[in-house]
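Coordinate inspection notes
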Amino acid sequence: MSKLIHSYWAYIVLIVLIFAVVNALIGYASKKEFKAKDLRLSLFALITSHIQLILGFIAYFTSTYFSAMQDSGMGEVMKNSELRKPLVEHPLMIIIAITLITVGFSKHKKKTEDQAKFKTIAIFYTIALLLILAVIPWGLWFKH
């Protein structure tokens, strides 16, 4: 059940993150004023990604993959690409991506100029989005 929730919540995270990235890029390119709606969109992307991380941890530690890792050991997981991706590569890259979102949001708050705020969000959130897109298990995603 936790894996199912994690998978469906991922759609929300992706949609909100894409909106936040596009908003930041447009705001930066058009030299707009950074308003409350821009802050809220960036914050919502931060919050939804953190919820996804928590759901991911729950799904991870209750998964059959995790049980397999406990039974066979980490050495065997690293030799097996079918286990390594869900147990090591996906979680690590997602943690890095959500860390980038968190750092980007934190750094943008310290900026005093609107352009700098948009630029910071655009850079950090875009890199995070690309990392997330790179490690989504697309083959499993569309089986729900």
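Use the structure listed above.
So, here is what we can say about the structure in this document.

1. Structural notes on the overall build of the chain
- When its secondary structure is counted, the chain shows 7 helices and 0 strands.
- The secondary structure elements of the chain, listed N-terminal to C-terminal, are α-α-α-α-α-α-α.
- Overall, the C-alpha framework of the chain stretches about 55 × 30 × 20 Å when taken along its three principal axes.
- Of all 144 residues assigned to the chain, the portion counted as buried reaches 39%.

2. A look at the layout of surface pockets
- Put simply, the largest pocket is a space of about 810 Å³.
- What lines the largest pocket is a set of 34 residues, among which H6, A59, P86, H90 and P137 lie closest to the centre.
- For the lining of the largest pocket, the elements supplying multiple residues, two or more each, are α1 (2-29), α2 (36-61), α3 (64-72), α5 (81-110), α6 (114-135) and α7 (138-141).
- Looking at the lining of the largest pocket residue by residue, the classes come out as 20 nonpolar, 11 polar and 3 charged.

3. Notes on the packing of aromatic side chains
- Counted according to the given criterion, the structure contains 5 aromatic pairs.
- Ring plane angle 65° and centroid distance 4.9 Å describe the contact between F34 and F118, whose orientation is recorded as edge-to-face. Placement of F34 in the loop between α1 and α2 and of F118 in helix α6 is noted, with a sequence separation of 84 residues between them.
- You can call F118 buried: its relative accessible area is 0%.
- Geometrically, the ring pair formed by Y60 and F66 is tilted, given 5.5 Å between the ring centres and 55° between the ring planes.

4. What about the pattern of salt bridges?
- This model, assessed by the stated rule, comprises 3 salt bridges.
- One salt bridge connects K37 with D38, and the closest N-O pair in it is separated by 3.0 Å.
- Using a relative accessible area of 43% as the deciding quantity, one classes K37 as partly exposed.
- One salt bridge in this structure joins K79 and E76, with 3.5 Å as the shortest N-O distance. In this pair, K79 and E76 both sit in helix α4 (residues 74-79), 3 residues apart, roughly one turn of the helix.

About the cut-offs
- Residues numbered from 1 in each chain as written.
- Predicted model: local features only at pLDDT ≥ 70, side-chain atom pairs only at ≥ 80, totals over all residues.
- Heavy atoms only, no water.
- Helix = DSSP H or I, 4+ residues; strand = E, 2+ residues; numbered from the N terminus.
- Buried < 20%, exposed > 50% of the residue type's maximum accessible area, 1.4 Å probe, protein only.
- 1 Å grid on protein atoms, 1.4 Å probe; cavity = no way out; pocket = protein on both sides within 12 Å on 5 of 7 lines; lining within 4 Å.
- Points joined across faces, edges and corners; volume = space filled by probe spheres on them.
- Nonpolar A, V, L, I, M, F, W, Y, C, P; charged D, E, K, R; others polar.
- Phe/Tyr/Trp six-rings, centres within 6.5 Å; stacked < 30°, edge-to-face > 60°.
- Salt bridge = Lys/Arg side-chain N within 4 Å of Asp/Glu carboxyl O.

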